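# Architecture and fold: a report
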Amino acid sequence: MIYLALTSASTGDVLAIAGVDDVHRLCTGAGAVDADLSRSRLYHRLKDLRGRDEPLLVAVLEEVPKFKAMEPGALAWLREHLPPR
């Protein structure tokens, strides 16, 4: 499953979570996460990495979203990891 994660956790910290296969930073504070975890499990593992009062959002991505000015390679990573629609 591919998730959009808005978190202050570093890419390395997210990759260290058991069940996370890959991460691509989209921009500061946002990343696309390829994980074999449920959304709830990923959310709670990310919450444990950061303080309880820090903003956190985890959402399922089912298709490549519309965006601009993201990190290099973001579109290619998402196209590679998400099925075409």
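All chains use their own residue numbering, which begins from 1 and follows the written sequence. Reporting in this predicted model follows two pLDDT cut-offs: at least 70 for local features of residues, and 80 or more for side-chain atom pairs to be given and counted; totals over whole chains, interfaces and linings ignore these cut-offs and use all residues. Calculation of side-chain values draws on the structure's entire complement of heavy atoms; hydrogens and water are dropped beforehand.

### Examining the sheet that holds strand E2 (residues 20-27)
In any sheet, the strands associate via hydrogen bonds between backbone groups, in a parallel or an antiparallel arrangement. Rule in force here: Think of it this way: DSSP has to see at least two bridges between two strands before they count as a pair. Only DSSP runs of H or I reaching four residues or more are called helices, and only runs of E reaching two or more are called strands; each is numbered from the N terminus. Orientation is described by lines fitted to C-alpha atoms, with helices fitted over the stretch in contact, and by angles between N-to-C directions that extend from 0 to 180 degrees.
Ordered in space as E2-E3-E1-E4, the four strands form an open sheet in which the pairing is antiparallel. Edge positions in the sheet fall to E2 and strand E4 (57-60), since each of these pairs with one other strand and no more. Each neighbouring strand pair of the sheet contributes to a mean axis angle of 25°, computed without reference to strand direction. Here strand E1 (residues 2-6) runs beside E4; their pairing, made up of four bridges, is antiparallel.

### Focus on the environment of Gly19
To be explicit about the condition: In this scheme, a residue with accessible area under 20% of its type's maximum is buried, one over 50% is exposed, and one in between is partly exposed, where area comes from a 1.4 Å probe on protein chains only. Whether two residues are in contact is decided by their heavy atoms, any of which lying within 4.5 Å being enough.
Position of Gly19 relative to the elements: it lies in the loop between helix H1 (11-15) and E2. Overall, the relative accessible area of 30% leaves Gly19 in the partly exposed class. Along the primary structure Gly19 and Ser38 are separated by 19 residues, whereas in three dimensions their C-alpha atoms are 9.6 Å apart. Setting aside residues up to four positions removed in sequence, Gly19 forms contacts with Asp34, Ala35, Asp36 and Leu37.

### Section: the nonpolar core
Rules: Only buried residues count toward a nonpolar core, which is a set of Ala, Val, Leu, Ile, Met, Phe, Trp, Tyr and Cys residues joined through side-chain atoms within 4.5 Å.
By size, the foremost hydrophobic cluster in this structure holds 13 residues, and its most contacted members are Val14, Val20, Val33, Leu42 and Leu46. Listed by contribution, the elements that provide at least two residues to this core are E1, E2, strand E3 (30-35) and helix H2 (39-49). Beyond its immediate sequence surroundings of up to four residues, Leu46 is in contact with Ala5, Val14, Ile17, Leu56 and Val58. By size, the runner-up hydrophobic cluster in this structure holds nine residues, among which are Ile2, Leu26, Ala30 and Trp77.

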